[in-house]
Amino acid sequence: MANPPKTSSGYSDVVVPTNTEPANPQFDTKLTPPFSSSVGPRFFPPPIIQSNQIPSPAVRIPSPNSVIPPNLISSPGIRTPSPNSGIQPNQIHSPLVRTPSPSSVSPVNGIRGGSPGPHLSTPPGPPRFSSPLQPAAVPFRTSPASPQPPAFSSGSSLPTSSAPQYSNGAFELQHQTLDASEDILSVTDSTNVLFSAKKVPKQKKLFNTPSLGFGALASPGREISFGPQIIQRDPHRCQNCGAYANFYCNILIGSGQWQCVICRNLNGSEGEYIASSKEELRSLPELSSPFVDYIQTGNKRPGFVPVSDSRMSAPVVLVIDECLDEPILQHLQSSLHAFVDSLPPTTRIGIVLYGRTVSVYDFSEESTASADVLPGRISPSQESLKALIYGTGIYLSPVHASGPVAHTIFSSLRPYKLNLPEASRDRCLGTAVEVALAIIQGPSAELPRGVMKRSGGDSRIIVCAGGPNTYGPGSVPHSLGHPNYPYMEKAALKWMENLGREAHRRNTVVDILCAGTCPVRVPILQPLAKASGGVLILHDDFGEAFGVNLQRASTRAAGSHGLLEVRCSDNIYITQVIGPGEEASADNHESFKNDSSLSIQMLSVEEMQCFALSMETKSDIKSDHVYFQFSIQYSNVYHADISRVITVRLPTVDSVSAYLESIQDEVASVIIAKRTLLRAKSSTTANNMQATIDERIKDISSKFGSQMPKSKLYRFPKELALLPELLFHLRRGPLLGNIIGHEDERSVLRNLFLNASLDLSIRMVAPRCLMHREGGTFEELPAHDLAMQSDSAVVLDHGTDVFIWLGAELASQAGKSAAALAACRTLAEELTEMRFPAPRILAFKEGSSQARYFVSRLIPAHKDPPYEQEARFPQLRTLTAEQRTKLKSSFIHFDDPSFCEWMRSLKVSPPEPS
């Protein structure tokens, strides 16, 4: 079939996806000969597993209960015009009009119809939230948290259009297979696994090209958009390599044997696959869909002490900094009040304050705020913890019983009284987290080591910090000039990491939400969040963005005890893994005779996280297809043990141009960006990484492009037209550039990006620009400074920040500017209503000091000649001569090159815009 049009991250048309019907399976009568390696182990270089535990945001998708017809499933990376579409190109319906966006099912562009998110006021005013947060509209999941309980079904999802075929011999083979169109459907319709290309080159040299590479983005905790097949029994696995029986296996329907797609070994099925016709096999879920969930309810693991099976039995403990000045404290109190009001009534909460001491608040006192106080200089002793846990106080209580008490506690908080700078105040954050862990664990701390009491899903500690940890265990001196600071910093890092690992062992995630102007010493706090599977986020204040993140952090968990296994056929192996996990020990998973899979222990299982996998091959590929199998084993919040199996088949090609045309620019750019950012440990190395982006562009041009006649310039391959602009945004943006001032901010941003899913990652790399138009619509434009037209309002979505820019001419008209600002703010809220972390939303006028945040993220295309401006920014053609002259005169000259100037400086001709 013809290659579908590619998605543009910056200025793609938004149209209605076409309906897609899966093709009927084809049947063959030949077994594929086994690889020679099936009789012996395959040894590959061990992959580099990079641990980064900042969870990634993701667009919500339907739960397994949702029923979506197959012809309504759209690809996240393909937008094809529908014959019935009445939407004009480049037009997005404003959420004010409440017209469903034609791209509402696309997780990449982020637009969706539905009810607005929480009311967002201009920072830094006190937040106002709806209680609870407004859910997204159908077809997105209404719960912002974990998967809904799956509807157990074993029905087939494929149509049965052909007549039954009967077998009278034991060696007749049924080969479940897909044609090329079905391969593309299975890959692009799964947001769980996204490959950098839809086709695989057969040549080893091409496959292993360092500057381009081949890889995948895997989101294990994310729900499958159209719901997987559900199986309540043990899976059939290859006895040689451990792969699962799947949709693409060859089946001997007479004997019930099946051939593994990974190692070609022939396996038995204990008679379950013996059938008289293909119709019988088609009724088995694992043979009718590439996406399967094996579910076992009940807990059979030794050393497991179950508690209430309610999803809300997992507690949330707030650990709050009490060393705050009055203005900051007022914002925090407003956010905390709104947070408690947003929680479901069955959620158990606890409240702990820390300064020089640790105060654990008692909910048994209904009329006053009462707390037990522990010293913060040292870790709490077992005796003091026993006295706390077995005393008469109630430290964890459901919201429906303790909500009024919690409000009383928050209202009783008082500002810091001593006259000391913020950075010099004593804060025993480490001790406070230890105490919070103890009250979550409760009396089960008396159980033998290795025996765990587990509630429904991970418990969560949310630290609200306004300054560094400077007192007690895990602390550093107030002054960076302290003579023993390097030694104490090293000891603090190790202590914090060990505390995070202990929290993970107790199924507790520690999130650290920081706010204010005082530096919090991010390198000290980051190991605690990372090792526990949590996240560290910086905020300007304890206002609206902090309040939204507080609410979303408490409800985002999806499961625990996660294990990701990846198996590849045809001597393909994984060289590097970047994401929130670590290499799994052999004791954590079942081993097989010749199992060459990569096993990753996930620190938490959440929808908004992602692993970037880089792959290579040991030799040229001979097969017409290659197979990749991803198995995710975890326990969900309902205590069900789930093994999710996703099997992907990709066609192989000899042609270089066919491979290049199949490359998904956005996926490839995100994988490249994650590999680059992993090496950017500081501002110095980040500047060095900018040079590697330059070298990558030159290498791709020399290997896949062509030299222009009578010129020293190389022509960048036209098949990859979007890739260089995405990498240019990466090079000059906040991830690698200098537009963010403090190293703490850059460090947090890099950690967030390394774990972010494609949705958030591509927005963090390349901003999305939307211009407000008359009639409540938004036009998507390239993220160039030519969009700064004085009579317009523009929304720029850059992942962790959303900017609303009002032109000076528009701002001078009070009525029109107010309507445009309201429409832009509503769009910004709906674009980010399920995003975690919730971004800052800043609005400002042309020429204001804050406008620099907006200008610095746009490509300075005004420096290009007019013909190039019109080619890459077609909207200019709609302006009058007077408007273009006015636009040209509004720009201020500075030294940053435009995209075309940068490409030519590398001796590369920029690709023609697609």
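So, how was this worked out
- Residues numbered from 1 in each chain as written.
- Predicted model: local features only at pLDDT ≥ 70, side-chain atom pairs only at ≥ 80, totals over all residues.
- Heavy atoms only, no water.
- UniProt positions renumbered as here; feature names shortened; annotations may be inferred.
- Helix = DSSP H or I, 4+ residues; strand = E, 2+ residues; numbered from the N terminus.
- Buried < 20%, exposed > 50% of the residue type's maximum accessible area, 1.4 Å probe, protein only.
- Contact = heavy atoms within 4.5 Å.
- Areas by Shrake-Rupley, 256 points an atom, 1.4 Å probe, with all protein chains shown as cover.
- Core = buried A, V, L, I, M, F, W, Y, C linked by side-chain atoms within 4.5 Å.
- Salt bridge = Lys/Arg side-chain N within 4 Å of Asp/Glu carboxyl O.
- Axes fitted to C-alpha atoms, helices over the stretch in contact; angles between N-to-C directions.
- Parallel < 35°, antiparallel > 145°, perpendicular 65-115°, else oblique.
- Nonpolar A, V, L, I, M, F, W, Y, C, P; charged D, E, K, R; others polar.

Labelled according to an unreviewed UniProt entry, the protein chain appears under the name Protein transport protein SEC23, originating from Heracleum sosnowskyi. Listed under Function (unreviewed entry) in UniProt, the entry text for the protein chain is "Component of the coat protein complex II (COPII) which promotes the formation of transport vesicles from the endoplasmic reticulum (ER). The coat has two main functions, the physical deformation of the endoplasmic reticulum membrane into vesicles and the selection of cargo molecules."

A. Highlighting the overall build of the protein chain. Scanning the protein chain from terminus to terminus reveals 22 helices and 37 strands. When burial is assessed residue by residue, the protein chain has 60% of its 914 residues classed as buried. Across the protein chain, contacts joining residues at least 24 apart in sequence account for 80% of those joining residues at least 6 apart. With the model as given, the accessible surface of the protein chain reaches about 34,200 Å², and the carbon-plus-sulfur share is 54%.

B. Representation of the nonpolar core within the structure. If you look at the biggest cluster of nonpolar residues, it comprises 89 residues, and the most contacted ones within it are F195, F214, M615 and F628. Among the elements that take part in this core, helix 12 (residues 665-678) stands out by supplying 8 residues, more than any other. Leaving out residues up to four positions away in the same chain, F628 has contacts with F195, F214, R567, C568, I572, M615, I646, T647, V648 and L650. With 75 residues, the next largest nonpolar core counts V405, V435, A436 and I461 among its residues.

C. Molecular detail of the pattern of salt bridges. As enumerated under the stated definition, the model contains 32 salt bridges in all. When the shortest N-O distance is used, the salt bridge between D896 and R732 registers 3.5 Å. Highlighted residues: D896 in the loop between helix 21 (881-889) and helix 22 (899-905) and R732 in helix 14 (residues 723-732), separated in sequence by 164 residues. Of the charged contacts, one joins K886 and E809 as a salt bridge, the two residues approaching to 2.9 Å between their closest N and O atoms. Taken as a pair, K886 in helix 21 and E809 in helix 17 (residues 808-811) lie far apart in primary sequence, 77 residues in all.

D. Looking closely at the packing of helix 4 (residues 326-342) against helix 6 (residues 399-411). At a minimum axis distance of 10 Å, the contact between helix 4 and helix 6 shows a crossing angle of 175 degrees. Here helix 4 lies roughly antiparallel to helix 6, going by the angle between them. Taking contact as the criterion, the partners of Q333, L336, H337, V340 and D341 in helix 4 are, on helix 6, V399, G403, A406, H407, F410 and S411. Of the residues that constitute the contact of helix 4 with helix 6, the class distribution is 5 nonpolar, 5 polar and 1 charged.

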